[in-house]
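Single-letter residue listing:
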Amino acid sequence: MVFECIELSKSYVSRGAEVTALQSVDFTVREQEFVCIVGPSGCGKTTLLKIIAGLIEPTSGKIVFSIPQSNGHLRSAMVFQEQGLFPWMSVQDNVAFGLETQGISLAERRELASDFIVKVGLAGFMHSFPHELSGGMRQRVAILRAFLANPHILLMDEPFGALDSQTRLVMQEELLRIWRDHRKTVIYVTHDIEEAILLGDRLLVMSGRPGRIRQEINIPLERPRHLANRDHPEVAEIRWHIWKMLEDEVRKDLSILS
Ligand SMILES: Nc1ncnc2c1ncn2[C@@H]1O[C@H](COP(=O)(O)OP(=O)(O)O)[C@@H](O)[C@H]1O
Ligand SMILES: [Mg+2]
């Protein structure tokens, strides 16, 4: 086991009113597991990732980690939807930044980053700056940085959410390929049901606000997975099942009667 969330709740106070973002969230994550969290927007997904990352504290409940915390080795690293790169740094330095906290010299960090960049076929962009790259390429660089940092847990918050659907498909495959080579524990947040099914070993389906885990679903698809899996009848079946679970909440949110 990597960690366990026990009865996690989180409330925010916003303009004098209390908003309960998460309520009694319980789940465990195993070594090298790819866990996807799906749920409607505003259900507390980002809040949950931030608590796991240690960026914010839960209002009640706790997370128990069972991985050793060694010096300089990150427990987790986060990849955001966008704007995760430093605009003033080259691709190489952005990737090398993943190692910044680990007591390695800049020259050595650059060398490790450049090996990594060459390996995924981005050698030609080593010295480019983020504004010279497409959105998909920027996210690729952000993912490389996170993998190079070699954290125990990789936290991804809708990392392909801002990409067009074709680019997203290709990036999903690319992520699976990198993950296959590096085998990290991944917690991947998305509102895209199909994406969650294609990527995850297990899905946690959340309810609308206050966010709770409504159901855990194991994804029985074999690995390695490919784009062609999208047409698999099992995928369609799971997708429909999850959609039926979320549909009412989406309608409620839009005040559309069913
Ligand atoms: N810093 C904050 N202050 C007040 N309310 C917040 C804050 N962050 C998030 N919220 C509220 O908490 C709820 C969950 O937000 P969030 O975790 O971002 O959801 P998701 O990522 O699933 O869209 C939302 O209603 C949001 O408005
Ligand atoms: Mg979010």
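Residues numbered from 1 in each chain as written. Chains lettered and ligands numbered in written order. Predicted model: local features only at pLDDT ≥ 70, side-chain atom pairs only at ≥ 80, totals over all residues.

A closer look at helix α5 (residues 165-182)
So, point 1. In this model, α5 (18 residues) spans 26 Å end to end at C-alpha, consistent with the 26 Å of a helix rising 1.5 Å per residue.
So, point 2. Among the residues making up α5, those that are buried are Met171, Gln172, Leu175 and Trp179. Along α5, the residues classed as buried sweep out an arc of 115° about the axis, all on the same side. Exposed and facing more than 90 degrees away from the buried side of α5 are Gln166, Arg177, Arg180 and Asp181.
So, point 3. Positive phi shows up at arginine 183, right after α5, with a value of about 40°. (Helix = DSSP H or I, 4+ residues; strand = E, 2+ residues; numbered from the N terminus. Expected span 1.5 Å × (residues − 1). Buried ≥ 20, exposed ≤ 12 C-beta atoms within 10 Å, placed from the backbone. Arc of directions from axis to C-beta.)

Focus: the nonpolar core
So, point 1. In this structure, Val35, Ile37, Val38, Leu155, Ile187 and Tyr188 are the most contacted members of the largest nonpolar core, which totals 63 residues.
So, point 2. Per-element accounting of this core gives the leading share, seven residues, to helix α4 (residues 135-148).
So, point 3. With sequence-adjacent residues up to four places away left out, valine 35 is seen in contact with Val29, Val186, Ile187, Tyr188, Gly200, Asp201, Arg202 and Leu204. (Core = buried A, V, L, I, M, F, W, Y, C linked by C-beta atoms within 7 Å. Contact = placed C-beta atoms within 7 Å.)

A closer look at the site of ligand 1
So, point 1. Residues in contact with ligand 1, as listed here, are Tyr12, Ser14, Val19, Ala21, Ser41, Gly42, Cys43, Gly44, Lys45, Thr46, Thr47 and Arg209.
So, point 2. The set of elements that each furnish at least two residues to the shell around ligand 1 consists of β1 (3-14), β2 (17-29) and α1 (45-53).
So, point 3. Per element, the largest residue contribution to the shell around ligand 1 is three residues, and it comes from α1.
So, point 4. By residue class, the composition of the shell around ligand 1 is four nonpolar, six polar and two charged. (Near = placed C-beta within 6 Å. Nonpolar A, V, L, I, M, F, W, Y, C, P; charged D, E, K, R; others polar.)

Brief notes about the pairing of β1
So, point 1. As paired strands, β1 and β2 are joined by nine bridges and run antiparallel to one another. In the strand pairing of β2, lysine 10 is matched with leucine 22.
So, point 2. Connecting β1 to the next strand, β2, in antiparallel fashion are two residues, including arginine 15 with a positive phi near 45°.
So, point 3. Across five bridges, β1 lies against strand β4 (residues 60-65) in antiparallel orientation. Within β4, the residue paired with cysteine 5 across the bridge is isoleucine 63. (Pairing = 2+ DSSP bridges.)

Examining the sheet that holds β2
So, point 1. Taken together, the three strands give an open sheet; going across it, the order is β2-β1-β4, and neighbouring strands pair in antiparallel fashion. The strands lining the two open edges of the sheet, one partner per strand, are β2 and β4. Strand-to-strand twist in this sheet, taken as the mean axis angle between neighbours without regard to direction, amounts to 25°.
So, point 2. The strands touched by α1 within the sheet are β1, β2 and β4, with β2 carrying the most contacts at an inclination of about 60°. (Axes fitted to C-alpha atoms, helices over the stretch in contact; angles between N-to-C directions.)

Regarding the sheet that holds strand β7 (residues 185-190)
So, point 1. What the six strands build is an open sheet, ordered β5-β6-β7-β3-β8-β9; its pairing is mixed. Two strands close off the open sheet at either side, each with one partner strand: β5 (76-79) and β9 (213-218). Taking the axes of each pair of neighbouring strands and ignoring which way they run, one obtains an average angle of 15° across the sheet.
So, point 2. Of the strand pairs in this sheet, strand β3 (residues 34-38) and strand β8 (residues 202-206) are connected by four bridges, and their pairing is parallel.

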